[in-house]
Amino acid sequence: MTDVRVRFAPSPTGMFHVGSARAALFNWAVAERAGGRFILRIEDTDATRNRPEWTEGIISALDWIGINGTNPVFEGPYFQSAYEPQHREAVAKLLADGKAYYCDCTREQVQERTGSKDKGYDGHCRERGLTAGAVRFRTPDEGVTVVDDLVRGRVEFPNNAQEDFVIARSDGSPLYVLANAVDDITQGVTHVARGEEHLPNAARQELLWPALGATPPVWAHLPVIVNEQRKKLSKRRDKVALEDYRAEGYLPEAMVNYLMLLGWGPGDDREIMPWSEMVERFSLEDVNPSNAFFDEKKLRAFNGEYIRALPLETFEARCTSYLDDSWDRELFSKVAALAQTRITVLSEIRQNVDFLFLEEPVFDQASWDKAMKNSPVEILTDYLDRLKAVSWDPESLKQALEEVGVAHGLKLGKAQAPVRVAVTGRTVGLPLFESIEVLGRDRAKERLRSALERLQKP
């Protein structure tokens, strides 16, 4: 199957949607498994909405999830605007062959003739012989147009329900439905895997391809991705930009793994698996047509699994962008292994280790109020006193606080709450006694004294 050629054709009109990333990965897997080609085509013909930074964002986002020119499967990027001559030639051919015609009807005129704004075009200009205007494709009056879809099976579109659709504006510029088909034909695309919302376009393109002398591609329309309310993911309502997940500290390996499972599964109970294995197992025929739920909690859990599987040195390196340049990397290394077992996104590293690098820990009123109960002055005073001579290792530090707690009728969990907030500023974080060990005797004692002063202020 070395002749398999798939394409991913985004428009540079905004941030990179996770649904687009899923479609790109499915196509990438098809191309890799078949030893074919993955074509990146930027559909940039809408000059009013396109911006260069969006194009750069698409390429950067794809690179982040492993789709780039380092793999011989990759081809491009191409730009749809470069194919405008072919678009215009296709329109001219369809006009010359009698498969398209000019139309000067306005929407208001069509509504007036049909008596409804919901009815499609009525074919008024089919036989008028116009030589200018918008260009419409002449759809068959009878029969059905069949889209044989690898995901949805046989989908039939009655031709009498399809209007003569516009393929070019009156200024000669092509519409998406024609440009998309011409580009695919020109680039030798054999398989089109894209979102379910494009299925109606497939019926029109199924007519256009043979009209232009080409065999239609293999179709696969992927399931809609929905949120917790089972509504289609929306950039106005949901967190959908791949860039946001990258900035938050999701690993590309985890994101790729999770996105591949939105509508497809390997057929067993395993979910965490390397890309190479997913490619071996993936098939468009196995994609489920039902809506796919984007569960951010599950994605976060995936990411935690991948973080914990990183070699420690790699974990430390990936945390670097979330740590200030002034922070001591050698000191960070002493707690990195502890942090690696607790965070689920890399951006959480700051709140777990910043107590080591700040002159004073952050002050959070809610954490303070929650922790400073159950005789905090007595607990902090007694523990401070014990820190003068205790052996400076986690077990000894823990034993000292346990003894303080017993003296005040408190279990360790209750006794350590005010100590943790005094030392780290937060109620949750790395293991307390390992944190105190790394912080050092002098700094730990100073923070306990500072907390006592705050408690004793009138």
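Cut-offs applied
- Residues numbered from 1 in each chain as written.
- Predicted model: local features only at pLDDT ≥ 70, side-chain atom pairs only at ≥ 80, totals over all residues.
- Heavy atoms only, no water.
- Helix = DSSP H or I, 4+ residues; strand = E, 2+ residues; numbered from the N terminus.
- Buried < 20%, exposed > 50% of the residue type's maximum accessible area, 1.4 Å probe, protein only.
- Disulfide = S-S within 2.5 Å.
- UniProt positions renumbered as here; feature names shortened; annotations may be inferred.
- Expected span 1.5 Å × (residues − 1).
- Contact = heavy atoms within 4.5 Å.
- Pairing = 2+ DSSP bridges.
- Right-handed = clockwise from strand over helix to strand, strands pointing away.
- Lys, Arg positive; Asp, Glu negative; His and termini not counted.
- Salt bridge = Lys/Arg side-chain N within 4 Å of Asp/Glu carboxyl O.
- Core = buried A, V, L, I, M, F, W, Y, C linked by side-chain atoms within 4.5 Å.
- Arc of directions from axis to C-beta.
- Axes fitted to C-alpha atoms, helices over the stretch in contact; angles between N-to-C directions.
- Parallel < 35°, antiparallel > 145°, perpendicular 65-115°, else oblique.
- Nonpolar A, V, L, I, M, F, W, Y, C, P; charged D, E, K, R; others polar.

A description of the environment of Tyr-78 should follow, citing residues and the corresponding values.
Inspection of the secondary structure assignment puts Tyr-78 in strand 3 (residues 74-79). Tyr-78 gets classed as partly exposed once you look at its relative accessible area, which sits at 27%. C-alpha of Tyr-78 to C-alpha of Ile-67: the two residues are 11 residues apart in sequence and 15 Å apart in space.

Explain the state of the cysteines to me, using residue names and the numbers behind them.
Under the counting rule described, the total for this entry stands at zero disulfides. Here Cys-103 is not disulfide-linked; the sulfur of Cys-125 is the nearest cysteine sulfur, at 3.7 Å. Taking the relative accessible area as the measure of exposure, Cys-103 reaches 4% and is therefore buried. The structure places no disulfide on Cys-125, whose sulfur is separated from the nearest cysteine sulfur, that of Cys-105, by 3.4 Å. For Cys-125, a relative accessible area of 1% translates into the label buried.

How would you explain the UniProt feature "short sequence motif: 'HIGH' region" (unreviewed entry) in the protein chain if you had to name every residue and give the values?
Mapped onto the present numbering, the UniProt feature "short sequence motif: 'HIGH' region" (unreviewed entry) falls on residues 10-20. Secondary structure across residues 10-20 divides into 27% helix and 0% strand, with the first and last C-alpha atoms of the span separated by 8 Å.

Just give me the short version of helix 16 (residues 394-407), but keep the residues and values in it.
Between the first and last C-alpha of helix 16 there are 20 Å, a value that for 14 residues agrees with the 20 Å anticipated at 1.5 Å per step. For helix 16, the set of buried residues is Ser-396, Leu-397, Ala-400, Leu-401, Val-404 and Gly-405. In the core, the buried residues of helix 16 are packed alongside helix 15 (376-386), helix 17 (412-424) and helix 18 (432-439). Once helix 16 finishes, Gly-409 follows within two positions and takes phi at roughly 70°, a positive value.

Residues and numbers for the side chain of Gln-162, please.
Tracing the backbone through its elements, the reader meets Gln-162 in the loop between strand 7 (153-158) and strand 8 (166-168). If sequence neighbours within four positions are ignored, Gln-162 has contacts with Thr-139, Thr-145, Phe-157, Ala-203, Arg-204 and Leu-207.

Break down the pairing of strand 2 (residues 37-42) for me, citing the residues and quoting the values.
Most of strand 2 is tucked away, with five of its six residues classed as buried. Summarising the sheet, strand 1 (residues 5-8) and strand 2 pair through four bridges and their orientation is parallel. Bridged to Val-6 within strand 2 is Phe-38. Handedness of the β-α-β unit built from strand 1, helix 1 (residues 18-34) and strand 2 comes out right-handed. Pairing geometry for strand 2 and strand 3, over four bridges, is parallel. From the neighbouring strand, Ile-42 faces strand 3, where its bridge partner is Phe-79.

Please provide a residue-by-residue account of the side chain of Asp-149, values included.
As for its placement among the helices and strands, Asp-149 is situated in strand 6 (residues 144-149). It is Arg-152 that comes nearest to the buried, bridge-free Asp-149 among opposite-charge side chains, at 4.9 Å. Other than its neighbours up to four places away in sequence, Asp-149 contacts Leu-199, Trp-219, Ala-220 and His-221.

So, the nonpolar core: which residues are in play, and what are the values?
In this structure, Phe-38, Leu-62, Ile-65, Ile-67, Leu-242, Phe-282 and Phe-294 are the most contacted members of the largest nonpolar core, which totals 55 residues. The element contributing the most residues to this core is helix 1, with 11 residues. Once you skip the residues sitting within four places of it in the chain, Leu-242 turns out to touch Phe-16, Val-18, Ala-21, Ala-61, Trp-64, Ile-65 and Met-255. Listed in part, the 52 residues of the second largest apolar core include Ile-349, Leu-432, Val-438 and Leu-439.

Would you mind going over helix 19 (residues 441-456) in detail, with residue names and values included?
Counted at 1.5 Å a residue, the expected span for helix 19 with its 16 residues is 22 Å, and the 23 Å between its end C-alpha atoms agrees. Residues of helix 19 that are buried: Ala-444, Lys-445, Arg-447, Leu-448, Ala-451 and Leu-452. Relative to the axis of helix 19, the buried residues are bounded by an arc of 160° and lie together on one face. Facing away from the buried side of helix 19 by over 90 degrees, the exposed positions are Asp-442 and Glu-453. Those residues of helix 19 hidden inside the fold are in contact with helix 14 (365-371), helix 15, helix 17 and helix 18.

With reference to specific residues and values, describe the pattern of salt bridges.
Taken as a whole and judged by the stated rule, the model has 33 salt bridges. With its nearest N and O atoms 3.1 Å apart, the salt bridge here joins Arg-126 to Asp-141. Here Arg-126, found in the loop between helix 4 (107-114) and strand 5 (134-137), pairs with Asp-141, found in the loop between strand 5 and strand 6; they are 15 residues apart in sequence, far enough to count as distant. Classification of Arg-126 as buried rests on a relative accessible area of 17%. According to the relative accessible area criterion, Asp-141 is exposed, its value standing at 53%. Note that Asp-268 and Arg-281 form a salt bridge whose closest N and O atoms lie 2.8 Å from each other.

Kindly report on the sheet that holds strand 4 (residues 100-103), identifying the contributing residues and their values.
If you walk across this open sheet you meet the three strands as 4-5-8, and the pairing is antiparallel. One side of each edge strand has no neighbouring strand; the edge strands of this open sheet are strand 4 and strand 8. Neighbouring strand axes in the sheet, compared pairwise and without regard to direction, differ in orientation by 45° on average. Judged from the two bridges that link them, strand 5 and strand 8 form a sheet pairing that is antiparallel.

Just give me the short version of the pairing of strand 10 (residues 218-222), but keep the residues and values in it.
The element strand 10 is extensively covered by neighbouring structure, given that four of its five residues are classed as buried. Both strand 9 (residues 191-195) and strand 10 contribute to a ladder of five bridges, which runs parallel. Pairing of Ala-193 across the sheet is with Ala-220, part of strand 10. Tracing the backbone out of strand 9, into helix 6 (residues 199-211) and back to the parallel element strand 10 gives a crossover that is right-handed.

Account for the packing of helix 16 against helix 17, naming residues and giving values.
A pair of packed helices is characterised by two quantities: the angle between their axes and the separation of those axes. Axis separation between helix 16 and helix 17 bottoms out at 9 Å; the angle between their running directions is 110°. Comparing the axis directions of helix 16 and helix 17 gives the class roughly perpendicular. Together, Lys-398, Leu-401, Glu-402 and Gly-405 of helix 16 and Leu-412, Ala-415, Gln-416 and Val-419 of helix 17 make up the contact between the two elements. For the contact of helix 16 with helix 17, a count of residues per class yields four nonpolar, two polar and two charged.

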